[in-house]
Amino acid sequence: MALSYQTAETDLKRIFALAEADVAAVKMPLVSSAAQQAAQEMFDSETQSIREALLGCALARLQDRNIDITLPYINHGPTAFNGRTLDEQVVNPFLKSAQIPSSKGPYLASFRRSVKFDAETGKGVRDKKAFAAMLAYIEELKSATAVEEIEALVRHLLWRFVILRDKSKITLARINRLSLPQLNGLIVAMLNAKSGGRFPVLLSTAMLRTLRKQFNLSWKINQQGINSADSASKTGGDIDVIDMETGKFVFSIEITERVIDRSRIISTFTSKISPHSIEDYLFFYSMSLPEKGALEVARQYFAQGHDISFLNVEEWLRNSLATVGSKGRTTFTNEFVDLLDQQETPSEMKVLWNDLIKQLHEPPADTVS
């Protein structure tokens, strides 16, 4: 039966984003125990073609319940679908673009010559355990009739693909020279991306390291892990800048995407600023301006010897990049990529960076005059 490959691509991208969010939240999309076991066996296997072909079957099932997903060649009859074209136009390009370890295509390797996804085909497949697991998952897909049930099975598969990607090493694109406008554009794109606050922290840390190198500053820069407890480790904020000679705080930075209100300032002062005698404390915000109450209480603390300031992180980065010059901008780029390359950095952030760099080198689209 005819499939809309555009619809399949749209579904794939949408559900993949949900699967990425599931991985970030350490939450497995719920499916039956039989589906979980089958998926585990397929993703434990080294045979990539089996799980990739299954993903195509799942997308076909999601789009049209009249399709027989055990028949991936159109010469099998009126209920068959074109599995190879679906893979070549949608599944394989997507896996490659998402930097997920994948084959050149399951229909070029394991499933040639108009095979069917059935027990007879399994006799000639080398990895019989993984193929049996594929057939079990296909039965789960065929048993599911509601859109929500089928989408949950697709989402579970994609959740496994995200985990597979996270276990693999993503090579980050490195570039020797970026202009100020190019860097500004990259920063805006990353700050607008959903990263749980990670991009602002990494970008700010990279800039502080750049300033230290560029101006030979006696700074020790301590960056907290995302969502770690500041008070438990006796730190002042998301980033602490310490004078290496005296051991005292030069300043601390709290980076936030939430609204900064009066209670936030009072809480931060009580738990961090006052106990550590921090004289200079910076709030970097990326969205909403600090509320009036926050500004008022900050002025009160200034009279007590604590200077609390508020800066838009994008503006600070842009102005700092202009200040450090061409050499400093190269240093900043290298420092940022080094931070991004850490094992604990989510893979989707690394993929976004590579995509953004790729876009810089793509020729502009032809315009119609």
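About the cut-offs
- Throughout, residues of each chain are indexed from 1 in the direction in which the sequence is written.
- Since the coordinates come from a predicted model, pLDDT governs what is reported: local features require at least 70, and pairs of side-chain atoms require 80 or more to be given and counted, while whole-chain, interface and lining totals use all residues.
- Excluding hydrogens and water, the side-chain figures rest on all heavy atoms present in the structure.
- In this text, helices come from DSSP runs of H or I with a minimum length of four residues, and strands from runs of E with a minimum of two, each type numbered from the N-terminal end.
- Exposed residues in this analysis have more than 50% of their type's maximum accessible area, buried residues have under 20%, and partly exposed residues fall in between, with area computed by a 1.4 Å probe over protein chains only.
- Whether two residues are in contact is decided by their heavy atoms, any of which lying within 4.5 Å being enough.
- Each accessible area is a Shrake-Rupley estimate made with a 1.4 Å probe; only the visible protein chains count as cover when residues are assessed.
- For this analysis, a nonpolar core means a set of buried residues of the types Ala, Val, Leu, Ile, Met, Phe, Trp, Tyr and Cys, connected via side-chain atoms within 4.5 Å.
- The arc in question is traced by the directions running from the helix axis to the C-beta atoms.
- The axes used here are C-alpha line fits, helices contributing only the stretch in contact, and every angle between their N-to-C directions lies in the interval 0 to 180 degrees.
- By definition, any crossing whose near helix is turned counterclockwise from its far helix by less than a right angle is left-handed, and any crossing with a clockwise turn is right-handed.
- Any residue that is not Ala, Val, Leu, Ile, Met, Phe, Trp, Tyr, Cys, Pro, Asp, Glu, Lys or Arg is counted as polar, Gly included; the first ten are nonpolar and the last four charged.
- For this document, the term salt bridge refers to a Lys or Arg side-chain nitrogen within 4 Å of an Asp or Glu carboxyl oxygen.

### Brief notes about the overall build of the protein chain
Secondary structure assignment for the protein chain yields 13 helices and five strands. The C-alpha extent of the protein chain, read off along each of the three principal axes, is 80 × 50 × 40 Å. Residues counted as buried form 48% of the 369 residues belonging to the protein chain. Residue pairs at least 24 apart in sequence account for 72% of intrachain contacts in the protein chain once pairs closer than 6 positions are excluded. Roughly 18,500 Å² of accessible area belongs to the protein chain as shown, and the carbon and sulfur atoms make up 50% of that amount.

### So, the nonpolar core
Membership of the largest hydrophobic core comes to 55 residues, with the highest contact counts inside it found for Phe 111, Phe 117, Met 134, Tyr 137 and Leu 158. Going through the elements one at a time, helix H1 (5–24), helix H2 (33–44), helix H3 (48–63), helix H4 (83–97), helix H6 (128–143) and helix H7 (147–167) are the ones with two or more residues in this core. Setting aside residues no more than four positions away along its own chain, Phe 111 makes contact with Ser 49, Ile 50, Ala 53, Tyr 73, Pro 106, Phe 117, Phe 131 and Met 134. Phe 251, Ile 255, Phe 332 and Trp 353 belong to the second-largest nonpolar core, a separate cluster that totals 40 residues.

### Quick notes on helix H11 (residues 292–302)
Of all the residues in H11, the buried ones are Ala 294, Val 297, Ala 298 and Tyr 301. End-on, the buried residues of H11 take up no more than an arc of 110°, which puts them together on one face. When the buried face of H11 is taken as reference, the exposed residues oriented beyond 90 degrees from it are Lys 292, Arg 299 and Phe 302. Its buried side turned inward, H11 meets helix H10 (262–273) and strand E5 (307–312).

### Some remarks on the packing of H3 against H4
Relative placement of two packed helices is described by the angle separating their axes and the distance separating the axes. Between H3 and H4, whose axes approach to 10 Å, the crossing angle comes to 115°. As for the relative orientation of H3 and H4, their crossing is right-handed in sense. Of the residues in H4, those in contact with Glu 52, Leu 55, Gly 56, Leu 59 and Ala 60 of H3 are Leu 86, Val 91, Asn 92 and Leu 95. Considered class by class, the residues forming the contact of H3 with H4 number six nonpolar, two polar and one charged.

### Things to note about the environment of Lys 27
Topologically, Lys 27 is positioned in the loop between H1 and H2. By relative accessible area, Lys 27 is classed as partly exposed at 45%. In the structure, Lys 27 is positioned 132 residues away from Trp 159 in sequence and 9.3 Å away in space, judged by C-alpha atoms. Apart from the residues lying within four places of it in its own chain, the contact partners of Lys 27 are Asp 22 and Trp 159.

### Quick look at the pattern of salt bridges
When their charged atoms lie close together, side chains carrying opposite charge are able to pair. For the coordinates displayed, the defined rule picks out 18 salt bridges. The partner of Arg 155 in a salt bridge is Asp 22, with the nearest N and O atoms 2.7 Å apart. Note that Arg 155 is positioned in helix H7 and Asp 22 in helix H1, a separation of 133 residues in sequence. Since its relative accessible area comes to 23%, Arg 155 is described here as partly exposed. Taking the relative accessible area as the measure of exposure, Asp 22 reaches 2% and is therefore buried. Taking the shortest distance from any N to any O, the salt bridge between Arg 209 and Glu 335 comes out at 3.5 Å. Residue Arg 209 is located in helix H9 (residues 198–214), and its partner Glu 335 is located in helix H12 (residues 313–340); the two are separated by 126 residues in the primary sequence. For Arg 209, a relative accessible area of 24% corresponds to the partly exposed category. Salt bridges here are not isolated pairs; linked through shared partners, they connect Glu 20, Arg 165, Asp 166 and Glu 348.

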